[in-house]
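# A closer look at the structure
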Amino acid sequence: MVGIGETDYYRHGASPDPEFKLALKAILAACKDAGLDPRDIDGFSSYSDDRNDASRLAAALGTHRLRTATMQWGGGGGGCCAAVANAAASIVAGLADCVVVFRALAQGQYGRFGQVSGVETISGEKAYLMPYGVLAPPQRFAMKVQRYMYEHGVSQDAQRAIALASYHHAQANPRAVMHGKPLDREKYDASRWIVEPFHLYDCCMENDGAAALVLVAEERAREFRQKPVFLLGAAIGSGHRSGAIPHNAPHYASAGFDTVAPDLYRMAGLGPCDVGTVQAYENFTGGVVMALAEHGFFEPEQANDFLTLENLIAPSGRLPLNTSGGNLAECYMHGFELVIEAVRQVRGTSTSQGRRNDVAMVIGGPMVTPASNLLLGSEAAL
């Protein structure tokens, strides 16, 4: 990873630019960061049905040729890491030399991302949920989290600590939408319920903007302007019948990483003790509790002891979490801002730098299928 770029981040519907222009701005910023001529890009990778067509991007950027275009299928924000893995696989397979991974959202142009709109027909999982009033993501995911909290004795304090850590880090990050808007325990507790066990501050924002990064093969990494960051491992997938409907998976109270996390560690040759910082996708804080446990940072019954604000903040915490503010407080760029922040951690340029920055983890959206994750590292970690 030799270049990263972002647009300004806006509240949903507030971007002055259309989505395609946002995507181009982020890609050009990533190329500038790398010292790369954008015409040398020969591949694009994205996820969650991003609307910015690779051929149109290639034409707008004036690329010499387009050699690969990949779109991660399914999983919504669970695909934010998979898009990086797919780009890397294209390079390793010889399908491309320089691939840009990106995500762009302009909800003023296309409608609010998390809002339920009128539909005449429904299918799949929603057919078992919407007739009974389970309309929006917080309602759908609350049931999994409630089950998990009940089974393992997880308290509201664990979710609160995750929210407070994200807001704490956002106060040091001038790019964050919630910069200058701190959150404390009293404000969290006084906030309205969205659906139990989620308070307002347990739920991600909705935003406009775009983010992008540039990948090349390892042997080319030192040709560019920035300190290179290496992809040590990636994993994509889900467990047995995780997509069973209606909410009938054998392992129901799960973030979906019980099979994916071991694959990640096996590929990288690392374990939880090697990870310096984690950027974990908070669609809802309860999913982060589950995902961190499934990645082996603590046993589920230890969640209340491990997940405290002191343990989750940089630089002194045991596991600095979402050090740019994450989906809760920096920006909901469908999780791709988490990948950008992991690169910054390894470079040593984060606004809330962890004490250890040789290895950084990204955990994509939990409680969806397929899910995905990444381990990034410095040259010393290779």
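What counts, and where the lines are drawn
Residue positions are given per chain, counting from 1 as you read along its sequence in written order. In keeping with the model being predicted, local features are shown solely for residues with a pLDDT of at least 70 and side-chain atom pairs are shown and tallied solely at 80 or more, while totals for entire chains, interfaces and linings include all residues. Hydrogens and water molecules were not included; the side-chain quantities draw on all heavy atoms of the structure. Two strands are said to pair when DSSP picks up at least two bridges between them. Labels follow the DSSP assignment, with helices taken as runs of H or I lasting at least four residues and strands as runs of E lasting at least two, numbered in each case from the N terminus. To define axes, lines are fitted to C-alpha atoms, for helices over the stretch in contact only, and angles between the resulting N-to-C directions are given on a 0 to 180 degree scale. Any two residues having at least one pair of non-hydrogen atoms within 4.5 Å are treated as being in contact. The rule for a salt bridge is simple: a side-chain nitrogen of Lys or Arg has to be within 4 Å of a carboxyl oxygen of Asp or Glu. The cut-offs for exposure are 20% and 50% of the maximum accessible area for each residue type, with area from a 1.4 Å probe on protein chains only; residues under the lower value are buried, those over the upper are exposed, and the others partly exposed. When the strands point away from the viewer, a crossover counts as right-handed if the route from the first strand across the helix to the second turns clockwise. In these notes the angle categories are as follows: under 35 degrees is roughly parallel, over 145 is roughly antiparallel, 65 to 115 is roughly perpendicular, and the rest is oblique. In this scheme, a crossing is called left-handed if the near helix is turned counterclockwise away from the far one by less than a right angle; it is called right-handed if the turn is clockwise. Here the expected length of a helix is defined as 1.5 Å per residue gap, with one fewer gap than residues. Buriedness for pockets is judged along seven lines, at least five of which must meet protein on both sides within 12 Å for an open set on the 1 Å grid over protein atoms alone, while cavities are sets there where a 1.4 Å probe fits but cannot get out, and lining residues have an atom within 4 Å of a point. Grid points are joined across faces, edges and corners, and a volume is the space filled by probe spheres set on the points. Ten residue types, Ala, Val, Leu, Ile, Met, Phe, Trp, Tyr, Cys and Pro, are classed as nonpolar, four, Asp, Glu, Lys and Arg, as charged, and the remainder, Gly among them, as polar.

It is worth spelling out the sheet that holds strand 9 (residues 230-237) at this point. Each strand in a sheet pairs with another by means of backbone hydrogen bonds, the pair being arranged parallel or else antiparallel. Strand order in the open sheet formed by 4 strands is 9-12-11-10, and the pairing between neighbours is mixed. The open sheet terminates on both sides in strands that have one partner only, identified here as strand 9 and strand 10 (277-280). For this sheet the average axis-to-axis angle between neighbouring strands, irrespective of direction, equals 15°. As judged from the 7 bridges shared by strand 9 and strand 12 (residues 371-377), these two strands associate in the antiparallel manner. If you follow isoleucine 236 over to strand 12, its bridge partner there is serine 372. Sheet strands in contact with helix 14 (residues 336-347) are strand 10, strand 11 (359-363) and strand 12, and its direction is about 175° off that of strand 11.

The final tally for this structure, using the stated rule, is 21 salt bridges. The salt bridge involving arginine 67 is made with aspartate 42; its shortest N-O contact spans 3.2 Å. Residue arginine 67 is located in the loop between helix 2 (54-61) and strand 4 (68-72), and its partner aspartate 42 is located in the loop between helix 1 (19-34) and strand 3 (43-47); the two are separated by 25 residues in the primary sequence. Measuring nitrogen to oxygen at the nearest pair gives 2.7 Å for the salt bridge that ties glutamate 379 to arginine 222. One end of the pair, glutamate 379, is in the segment after strand 12; the other, arginine 222, is in the loop between strand 8 (207-216) and strand 9, and 157 residues separate them in sequence. Residue classification places glutamate 379 among the partly exposed positions, given a relative accessible area of 42%. Note on arginine 222: relative accessible area 46%, which makes it partly exposed.

Our focus in this paragraph is the pairing of strand 3. Looking down a regular strand, the side chains alternate between one sheet face and the other. For strand 3, a buried count of 5 out of 5 residues is recorded, marking the element as mostly surrounded by other parts of the structure. Here strand 3 shows two buried faces, one formed by Gly43, Ser45 and Tyr47 and the other by Phe44 and Ser46. One ladder, built from 5 bridges, connects strand 3 with strand 4; its direction is parallel. Paired with glycine 43 across the bridge in strand 4 is threonine 68. Since strand 3 and strand 4 lie parallel, the crossover through helix 2 that links them has a hand, and here it is right-handed. Alignment of strand 3 against strand 5 (residues 98-105), held across 3 bridges, turns out to be parallel. Its bridge partner lying in strand 5, glycine 43 is registered against valine 99.

Let us now look at the side chain of arginine 344. You can see arginine 344 is positioned in helix 14. Excluding residues that lie within four positions of it along the chain, arginine 344 makes contacts with Ile4, Glu6, Arg175, Thr349, Ser350 and Gln353.

It is the contact of helix 6 (residues 137-152) with helix 10 (residues 285-294), at a shortest axis distance of 9 Å, that shows an interaxial angle of 55°. The angle between helix 6 and helix 10 falls in the class oblique. The handedness of the crossing between helix 6 and helix 10 comes out as left-handed. Along the contact surface, helix 6 presents Lys144, Val145 and Tyr148, while helix 10 presents Gly286, Gly287, Val289, Met290 and Ala293.

Its 12 residues give helix 14 an end-to-end C-alpha distance of 17 Å, which sits within 8% of 16 Å, the value for a rise of 1.5 Å per residue. With respect to burial, helix 14 is a largely interior element, 12 of its 12 residues being buried. Turning to helix 14, its buried residues are Phe336, Glu337, Leu338, Val339, Ile340, Glu341, Ala342, Val343, Arg344, Gln345, Val346 and Arg347. Downstream of helix 14 by one or two residues, glycine 348 has phi in the positive range, about 90°.

This part covers the layout of surface pockets. Estimates place the volume of the second largest pocket at around 410 Å³. Around the second largest pocket, the lining comprises 22 residues; the ones closest to its centre are Ala88, Val92, Leu215, Val216 and Leu231. Taken together, the elements giving at least two residues each to the lining of the second largest pocket come down to helix 3 (80-92), strand 8 and strand 9. For the lining of the second largest pocket, the per-class residue count stands at 19 nonpolar, 1 polar and 2 charged.

So, about helix 6. The end-to-end C-alpha separation of helix 6 is 23 Å, in line with the 22 Å expected for 16 residues at 1.5 Å each. Taken residue by residue, helix 6 has Pro138, Phe141, Ala142, Lys144, Val145, Tyr148 and Met149 as its buried positions. Of the surrounding secondary structure, the elements contacted by the buried residues of helix 6 are helix 7 (156-170), strand 6 (193-195), strand 7 (198-199) and helix 10. Downstream of helix 6 by one or two residues, glycine 153 has phi in the positive range, about 70°.

This part covers the environment of phenylalanine 257. Tracing the sequence through the fold places phenylalanine 257 in the loop between strand 9 and helix 9 (260-268). Once you skip the residues sitting within four places of it in the chain, phenylalanine 257 turns out to touch Pro262, Ala291, Glu294, His295, Ile363, Gly364, Gly365, Pro366, Ala371, Ser372 and Asn373.

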